[in-house]
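Each chain, written out:
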Amino acid sequence: MTHLSAVPATEMEPECPNCKRKISHNFTNHVRFCERNNTLCPKCNEPVLKNDLENHLKDDHKHVFSF
Ligand SMILES: [Zn+2]
Ligand SMILES: [Zn+2]
């Protein structure tokens, strides 16, 4: 008999405190990367690369989030 633990999906997808997205895997790596590279756009509340925020604000708020 194999031991299977049923973990609710919400517990498997913690929310990144920086970009507010549910991160289904590599949470620690994501947060580390995210805090260094991403910031929430003050206008549309979407995570964007810090380097791209200026362009993002100029460029009609197209989504530029990448892992
Ligand atoms: Zn994030
Ligand atoms: Zn924006």
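Residues numbered from 1 in each chain as written. Chains lettered and ligands numbered in written order. Predicted model: local features only at pLDDT ≥ 70, side-chain atom pairs only at ≥ 80, totals over all residues.

A. Up close: the overall build of the protein chain. Check the secondary structure of the protein chain and you find three helices and two strands. Seen in sequence order, the protein chain has helices and strands lined up from the N terminus as α-α-β-β-α. Residues classed as buried in the protein chain amount to 9% of the 67 residues present. Taking contacts inside the protein chain between residues at least 6 apart in sequence as the whole, the part at least 24 apart equals 8%. (Helix = DSSP H or I, 4+ residues; strand = E, 2+ residues; numbered from the N terminus. Buried ≥ 20, exposed ≤ 12 C-beta atoms within 10 Å, placed from the backbone. Contact = placed C-beta atoms within 7 Å.)

B. Molecular detail of the environment of Cys44. Structurally, Cys44 is set in the loop between strand S1 (38-40) and strand S2 (47-49). Note on Cys44: 13 C-beta atoms within 10 Å, which makes it partly exposed.

C. How the structure looks around unusual backbone geometry. The backbone phi angle of Lys20 is positive, close to 65°, even though this residue is not glycine. As for its placement among the helices and strands, Lys20 is situated in the loop between helix H1 (9-12) and helix H2 (27-37). With a phi close to 60°, Asn45 is a non-glycine residue in the positive phi region. Here Asn45 is to be found in the loop between S1 and S2. For Asn45, a count of 9 C-beta atoms within 10 Å corresponds to the exposed category.

D. Inspection of the confidence of the model for the protein chain at higher detail. Averaged over every residue, the pLDDT of the protein chain is 81; residues scoring 70 or more account for 70%. Within the protein chain, the element-level pLDDT minimum falls on H1, averaging 58, and the maximum on H2, averaging 94. (pLDDT = per-residue confidence, 0-100.)

E. Region of the structure containing the environment of Ile23. Topologically, Ile23 is positioned in the loop between H1 and H2. Given 18 C-beta atoms within a 10 Å radius, Ile23 is considered partly exposed.

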